[in-house]
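# Remarks on the overall topology
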Amino acid sequence: MNLRENILFLLEHYNQMRAEIDTLQYELEHLGQLRDSEMIEAMTFSVPTSERVSTGGTSDKTTGIALNYQERMTQLQKDAVNEITGRLAHLTTTVERLDFYIGKLPALESAILREHYFEKYSWRELQDLKGISTKTLLRRRDEAVRRLVELYEPLVRMGLLME
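Residues numbered from 1 in each chain as written. Predicted model: local features only at pLDDT ≥ 70, side-chain atom pairs only at ≥ 80, totals over all residues. Heavy atoms only, no water.

### A word on the packing of aromatic side chains
- In this structure the tally under the stated criterion is 3 aromatic pairs.
- With a centroid separation of 5.1 Å and an interplanar angle of 55°, the aromatic rings of Tyr101 and Tyr152 are classed as tilted. Here the residue Tyr101 occupies a position in helix α4 (residues 61–103), and Tyr152 occupies one in helix α7 (residues 134–157), the gap between them amounting to 51 residues. Each member of the pair Tyr101 and Tyr152 is classed as buried.
- Clustering of aromatic rings is evident, with ring pairs tying together Phe100, Tyr101 and Tyr152. (Phe/Tyr/Trp six-rings, centres within 6.5 Å; stacked < 30°, edge-to-face > 60°. Helix = DSSP H or I, 4+ residues; strand = E, 2+ residues; numbered from the N terminus. Buried < 20%, exposed > 50% of the residue type's maximum accessible area, 1.4 Å probe, protein only.)

See below:
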């Protein structure tokens, strides 16, 4: 996917990324409330990491199970936090960067992108709202995307963004 296609993809999926950010933030805040049933399910399908044969005297299975449960719960929560924070950081940076660069565009171009892609106005509705033809709207959109490509290109050259 080239940079122009990538920018169009970001514009088209902006609202989905915002919704995912909200969901991830909610899950991160409520992660400590992992239910026992979820933990038991995770332990049921996990692969044992030690020998199954006891090499010593009598064992206290209840203590072992409780300790295993607690360790496994802690590890699952750490893994979930790492996964959520990584995805959240990526999405937040992507959305904030797009918002920032759209804000650098001329007012009409910025408004056209925001109203069509973010607020979901149709081209026909925008034509009536702005009082210009659909052809002019599309030309302005293309110009806005071209300008965004120019703004994103230095990031690609520095290796901060994949093309």
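### Structural notes on the nonpolar core
- One finds Ile7, Leu11, Leu98, Leu113 and Tyr152 to be the most contacted residues of the largest nonpolar core, which totals 27 residues.
- Elements that contribute at least two residues to this core include exactly α1 (3–12), α2 (14–29), α4, α5 (107–118) and α7.
- Take this core: its biggest share by element is 7 residues, from α4.
- In this view, Tyr152 contacts Leu3, Ile7, Leu10, Arg97, Leu98, Tyr101 and Leu161; residues no more than four positions away in its chain are not counted. (Core = buried A, V, L, I, M, F, W, Y, C linked by side-chain atoms within 4.5 Å. Contact = heavy atoms within 4.5 Å.)

### Here's the deal with α5
- Taking 1.5 Å of rise per residue, 12 residues should cover 16 Å, and α5 covers 15 Å from first to last C-alpha, within 8% of that figure.
- Summarising burial for α5: 9 of the 12 residues are buried, a large majority.
- For α5, the full list of buried residues reads Glu109, Ser110, Ala111, Ile112, Leu113, Glu115, His116, Tyr117 and Phe118.
- Residue Lys120 follows α5 closely and has a positive phi angle near 65°. (Expected span 1.5 Å × (residues − 1).)

### Overview of the confidence of the model for the protein
- For the protein, per-residue confidence averages 86 on the pLDDT scale, and residues scoring 70 or more make up 79% of the total.
- When mean pLDDT is compared element by element in the protein, α5 scores highest at 97, while helix α3 (residues 36–44) scores lowest at 56. (pLDDT = per-residue confidence, 0-100.)

### What about the packing of α5 against helix α6 (residues 123–130)?
- For the pair α5 and α6, the least separation of the axes is 10 Å and the interaxial angle reads 140°. By the criterion of interaxial angle, the relationship of α5 to α6 is oblique. The chirality of how α5 crosses α6 is right-handed. Where α5 abuts α6, its residues Leu108, Ala111, Ile112, Glu115 and His116 lie against Trp123, Leu126, Leu129 and Lys130. (Axes fitted to C-alpha atoms, helices over the stretch in contact; angles between N-to-C directions. Parallel < 35°, antiparallel > 145°, perpendicular 65-115°, else oblique. Left-handed = near helix turned anticlockwise from the far one by under 90°.)

### Notes on the environment of Arg147
- With respect to the helices and strands, Arg147 occurs in helix α7.
- When its relative accessible area of 30% is taken as the criterion, Arg147 is described as partly exposed.
- Other than its neighbours up to four places away in sequence, Arg147 contacts Leu105, Pro106 and Glu109.

### Notes on the pattern of salt bridges
- For the coordinates displayed, the defined rule picks out 11 salt bridges.
- Across the pair Asp99 and Arg114 runs a salt bridge whose closest N-O atoms are separated by 3.7 Å. With a gap of 15 residues between them, Asp99 in helix α4 and Arg114 in helix α5 connect regions that are remote in the sequence.
- Residue Asp99 is classed as buried on the basis of its relative accessible area of 18%.
- Exposure remark for Arg114: the relative accessible area of 26% places this residue in the partly exposed category.
- For Glu150, the salt bridge identified is with Arg146, shortest N-O distance 2.3 Å. One end of the pair is Glu150 and the other is Arg146, both in helix α7 and 4 residues apart, which spans about a single turn.
- Here Arg146 falls in the partly exposed class, since its relative accessible area comes to 38%.
- Each of Glu109, Glu143, Arg146, Arg147 and Glu150 takes part in salt bridges that share partners, so that together they form one network. (Salt bridge = Lys/Arg side-chain N within 4 Å of Asp/Glu carboxyl O.)

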